[in-house]
Amino acid sequence: MAAVGAARGAPAASEVLNLFRSFLKETRKFADYNIREYIKRRTGESFRESRDLDAAAAASAFEFGKKQLEVVRRQSVVYSLYAPRVKNIMELKFQES
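The rules behind the values
Residues numbered from 1 in each chain as written. Predicted model: local features only at pLDDT ≥ 70, side-chain atom pairs only at ≥ 80, totals over all residues. Heavy atoms only, no water. Salt bridge = Lys/Arg side-chain N within 4 Å of Asp/Glu carboxyl O. Helix = DSSP H or I, 4+ residues; strand = E, 2+ residues; numbered from the N terminus. Buried < 20%, exposed > 50% of the residue type's maximum accessible area, 1.4 Å probe, protein only. Contact = heavy atoms within 4.5 Å. Phe/Tyr/Trp six-rings, centres within 6.5 Å; stacked < 30°, edge-to-face > 60°. Axes fitted to C-alpha atoms, helices over the stretch in contact; angles between N-to-C directions. Parallel < 35°, antiparallel > 145°, perpendicular 65-115°, else oblique. Left-handed = near helix turned anticlockwise from the far one by under 90°. Nonpolar A, V, L, I, M, F, W, Y, C, P; charged D, E, K, R; others polar.

Asker: Help me understand the pattern of salt bridges, please; the structure alone is not making it clear to me.
Answerer: Side-chain pairs of opposite charge can arise where the charged atoms are in close proximity. Applying the stated rule across the entire model yields six salt bridges. Arginine 73 is the salt-bridge partner of glutamate 26, the closest N and O atoms lying 3.3 Å from each other. Of this pair, glutamate 26 sits in helix α2 (residues 13-27) while arginine 73 sits in helix α4 (residues 55-81), and the two are 47 residues apart along the sequence. Arginine 42 is paired through a salt bridge with glutamate 45; the nearest N and O atoms lie 3.4 Å apart. Note that arginine 42 and glutamate 45 are positioned in helix α3 (residues 33-49) at a spacing of three residues, about one turn of the helix. Residues participating in the shared-partner salt-bridge network are Glu26, Lys29, Glu70 and Arg73.

Asker: Got a minute to help me understand the side chain of serine 76 in this structure?
Answerer: Mapping serine 76 onto the fold places it in helix α4. When its relative accessible area of 7% is taken as the criterion, serine 76 is described as buried. Setting aside chain neighbours within four positions, we find serine 76 in contact with Glu26, Lys29 and Phe30.

Asker: Can you walk me through the packing of aromatic side chains in this structure?
Answerer: A ring pair, where both rings are aromatic, is described by two values, the distance of the centres and the angle of the planes. Following the criterion strictly, the structure yields three aromatic pairs and no others. Seen in terms of ring centroids, phenylalanine 20 and phenylalanine 47 are 5.0 Å apart; in terms of plane orientation they differ by 75 degrees. Their pairing is edge-to-face. Of the two residues, phenylalanine 20 is situated in helix α2 and phenylalanine 47 in helix α3; the sequence distance between them amounts to 27 residues. Here phenylalanine 47 falls in the partly exposed class, since its relative accessible area comes to 22%. Look at phenylalanine 23 and phenylalanine 47: their rings are 6.2 Å apart centre to centre, the planes differ by 75 degrees, and that puts the pair in the edge-to-face class. Note that phenylalanine 23 is positioned in helix α2 and phenylalanine 47 in helix α3, a separation of 24 residues in sequence. The exposure class of phenylalanine 23 is buried, given its relative accessible area of 8%. Put simply, the rings of Phe20, Phe23 and Phe47 pair up and form one aromatic cluster.

Asker: What exactly am I supposed to notice about the packing of α2 against α4 here?
Answerer: Between two packed helices, what matters for the description is the angle formed by their axes and the separation of those axes. Packing of α2 against α4 brings their axes to within 10 Å, and their N-to-C directions diverge by 20 degrees. Accordingly, the angle class assigned to the pair α2 and α4 is roughly parallel. The way α2 lies across α4 gives a crossing that is left-handed. For the pair α2 and α4, the contacting residues are Glu15, Val16, Leu19, Ser22, Phe23 and Glu26 in the first and Phe62, Gly65, Lys66, Gln68, Leu69, Val72, Arg73 and Ser76 in the second. Its residues assigned to classes, the contact of α2 with α4 comprises six nonpolar, four polar and four charged.

That's the geometry; what it means functionally is another story.
Next up, the structure:
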């Protein structure tokens, strides 16, 4: 499957945008503020780093991103099973606003 993505060239901009949005949607599922913010920050950094890649490297990065999205989805399930009972101070601060 990865060879098919690499053979067809760079993914379309809409595909990349959908992958980015999927990452952001998945971050909302994490109860822990620190994990949520880390994934959002890391997602933005990774997409910015991959902005100017050639077609083959972009296809490879896109496939890697899809695999990482699956990891984030699995981790959101695991973290939901062990969600902290007490809210983080940052979450309490945002609720007061």
